[in-house]
Structure formats: structure tokens, C-alpha cells
Amino acid sequence: MKKFWRESPEARREALMPFLWSVVAKRGQIFGNQYKDSVVQIANDKKFSYPGYNEILTGWPNPDITSNAMIPNPTPTVFEWLHHKPGFRNRVAVFSAWDVVPFIVNRDRCGFPVMGGWEPVPDRNPNPREQLLNELIAELTRTNEGEVDDPLLFHAAMEHFLKHKPRVFMFGFLETDHWGHAGRYDNYLHAAHRVDDYIRRIWETVQSLPEYRDRTTLIITTDHGRGSGLQDWRDHNAAIDGAENVWLAFLGPDTPAFGERTNTERLTLSRIAATLAAFLGEDYHAAVPQSGPVIDEVLPKRN
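Scope of this entry: the structure provided in the associated data block. (Residues numbered from 1 in each chain as written. Predicted model: local features only at pLDDT ≥ 70, side-chain atom pairs only at ≥ 80, totals over all residues. Heavy atoms only, no water.)

Read from one edge of the open sheet, 4 strands run 6-8-1-9, paired in mixed fashion. Each having just a single partner strand, strand 6 (218-221) and strand 9 (259-260) make up the two edges of the open sheet. (Pairing = 2+ DSSP bridges. Helix = DSSP H or I, 4+ residues; strand = E, 2+ residues; numbered from the N terminus.)

Here it is as C-alpha cells:
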């Protein structure tokens, strides 16, 4: 209460996620405040993680994905599609706290580095920091067998980013979902606050590096929503009202600084893949017509 409670919703959200609301909301764009007629939802009807990540990364909701089982995704993601293009070979990586993500991006087929859950960093020649991270990952008591703690994921991902300088990179944090299911609202808030600080550190890092400064866009979202009320806030599935509602944020040199958006068209996670590719000058929607179209409002006006 002392750390995060404020009298107004606007003050509370800035106390909880100060970078999102003091920087992204002023220099980028945020969608998803339904009180301001800005709706962002999933296009799939499952309201849980594998279908959500698949929708984000492939651009369309595959009705055949009906569980979170560790089944290799038959559909290439936008990351895999980019990886096979000139200029992106060996310049793509995905790091996630969840051990199912390697299957969602189909690590055996995709050809780029992927880390998911409690596993060593995907580097054949780990540096001293990566060696220490591998030791901690092997030795720490696991709160959840399939979900590595966000701090370990963040530091492993940042080390890879600084070492290999990819063009396309995914950080997949998880603790808010874990603590939500556990009913620990205190830890849920602390995890959200910490991820906001990680996003700040990612942004400040890219802005400190000449090859990334003022040439990099952050796309921030979530794979599903949650319910509301004393019980439903813990869960998300097809039976939970409200778990289809999500949010989207963009920060980068190409995105007009419109801030928190109002009176926008309904957006879905299926439009992220094409939008991500468009920031890189590639037309994913033309190549994969079933994917959602580009979100033009976050890109420079095209003639």
C-alpha cells in the first residue's frame, strides 16, 4: 500500500510502472485503455499462453493450437521469416522465462538462438557472466519448474544482446503471470514494477550504443489478459470474462509521440508481426496474407 497506492488511477499506474507512464506514454504510444475507447484484444478464443504467443509471433490465431503442450509450432514465426532474409541471418534471438517458448518458435527448425525456462544460455562459449548465470540457473531452488525467474532471464538476455548485437530480439518475462496464478497480489505488483525497470534499462542500453541509438523500436505487450474481481484476477482461460483484453505500447524514432491513445479502432495481437516487420522495411502481411495488417498509426506516414 505504501509503495504503490495513490489517490488517482493515473498516479497509481505511474507509481507501479514509472517508465511506461513517464517515458513511453509521452514519447511513444500506448493502446488498451477501454475507458478511453482504446481496445486491444487477442484474436484467438483460448485466452492462454501458447495461442497468445503464436498469434503475436505468426500474425494469426491458429485454431489447431488448443493447449500449452510442448509441441513444435508448425507455423514459422515472423522471427524465423526475417532470419531467412538478407541482413537478418544470425541477427535474431528469442529469450523467454517460459520453457514452452522454444517450441512456439520451433527452435529445432528456426535456426537462431533461443532460451526458455531453466536452461543454460544458448552460447557455446559463455563469458564469465554467462558462466555465473548458468551456475545460478542450475543451483537455485525453483519456484516453478517450467518458469525461470525474471531476473535470471533479464541478465542472460542482456548479456546475449550486448555480446551478439542482434537486429531483432525478444525478451519474454513471466513472473506477473506466475504470481497472479498463485494469488500473491503483492508479488504480482512487485514483478510488474521490476519488469518496468527492466524495460527502462533495455531502452537506456540501446540508446547508449551507436548502432542502436535512435534506430531502435520497442514493442511491449502481453500474450493474454486476466479476469477481474477477488477470484478471477488470478486466472485466464476461455471461461474468464475480460481475459481477452490486453494492451500494446510502442517507443522508437519512427513512432509519432501520440501518448496514451483514445478513440482508436479495435486492435488485436495478430497485427504485431506485420508491424514489427514494417519497422524493419519488410512486408510480412503480403508474404503471409492470413496475418493481421500493419498498425499504420505507429509508423511514419507513407506516401
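Quick look at the pairing of strand 5 (residues 168-172) now. Judged by how many residues are buried, strand 5 sits mostly within the fold: 4 of 5 residues are covered. As defined by bridge partners, strand 3 (residues 92-96) adjoins strand 5 across 5 bridges and the pair is classed as parallel. Within the sheet, the bridge partner assigned to F95 lies in strand 5 and is F171. (Buried < 20%, exposed > 50% of the residue type's maximum accessible area, 1.4 Å probe, protein only.)

The next subject is the sheet that holds strand 4 (residues 114-116). What the 3 strands build is an open sheet, ordered 4-3-5; its pairing is parallel. Each edge of the open sheet carries a strand with a single partner, namely strand 4 and strand 5. On average, each strand axis in the sheet is inclined to that of its neighbour by 5 degrees, with strand direction left out of account. Looking at chain direction, strand 3 and strand 4 are connected through 3 bridges and run parallel. If you follow V94 over to strand 4, its bridge partner there is V114. (Axes fitted to C-alpha atoms, helices over the stretch in contact; angles between N-to-C directions.)

Attention now moves to the nonpolar core. General note: in soluble globular proteins, nonpolar side chains tend to be found buried as a group. By size, the foremost hydrophobic cluster in this structure holds 86 residues, and its most contacted members are V78, F79, V94, F95, I104, L248 and Y284. Of all the elements, helix 10 (residues 185-208) adds the most residues to this core, at 8 residues. Excluding residues within four positions of it along the chain, L248 makes contact with Q29, I30, F31, V40, I219, I220, T221, L267, I272 and I295. (Core = buried A, V, L, I, M, F, W, Y, C linked by side-chain atoms within 4.5 Å. Contact = heavy atoms within 4.5 Å.)

By the definition in use, this model includes 15 aromatic pairs. Pairing F161 with Y212 gives two aromatic rings, centres 4.8 Å apart and planes at 35 degrees, and the pair type is tilted. Linking F161 in helix 8 (residues 150-164) with Y212 in the loop between helix 10 and strand 6, this pair joins segments that are 51 residues apart in sequence. Take F161: its relative accessible area is 7%, and that puts it in the buried class. Taking the relative accessible area as the measure of exposure, Y212 reaches 8% and is therefore buried. (Phe/Tyr/Trp six-rings, centres within 6.5 Å; stacked < 30°, edge-to-face > 60°.)

Let us now look at the pairing of strand 8 (residues 248-251). Taking every second residue as pointing to the same face, both faces of strand 8 are buried, with L248 and F250 on one and A249 and L251 on the other. As defined by bridge partners, strand 1 (residues 29-31) adjoins strand 8 across 3 bridges and the pair is classed as antiparallel. Opposite F31, over in strand 8, you have L248 as the bridge partner. Note that strand 6 and strand 8 share 4 bridges and pair antiparallel. Residue L218 lies in a different strand from strand 8, and its bridge partner there is L251.

A few words now on the side chain of T77. Within the secondary structure layout, T77 lies in the loop between helix 3 (49-58) and helix 4 (78-83). When its relative accessible area of 1% is taken as the criterion, T77 is described as buried.

Within this structure, the stated rule accounts for 19 salt bridges. Among the ionic pairs, E260 bridges to R13, the shortest N-O distance being 2.8 Å. Of this pair, E260 sits in strand 9 while R13 sits in helix 1 (residues 9-16), and the two are 247 residues apart along the sequence. Judged by its relative accessible area of 16%, E260 falls in the buried class. Residue classification places R13 among the partly exposed residues on the basis of a relative accessible area of 23%. (Salt bridge = Lys/Arg side-chain N within 4 Å of Asp/Glu carboxyl O.)

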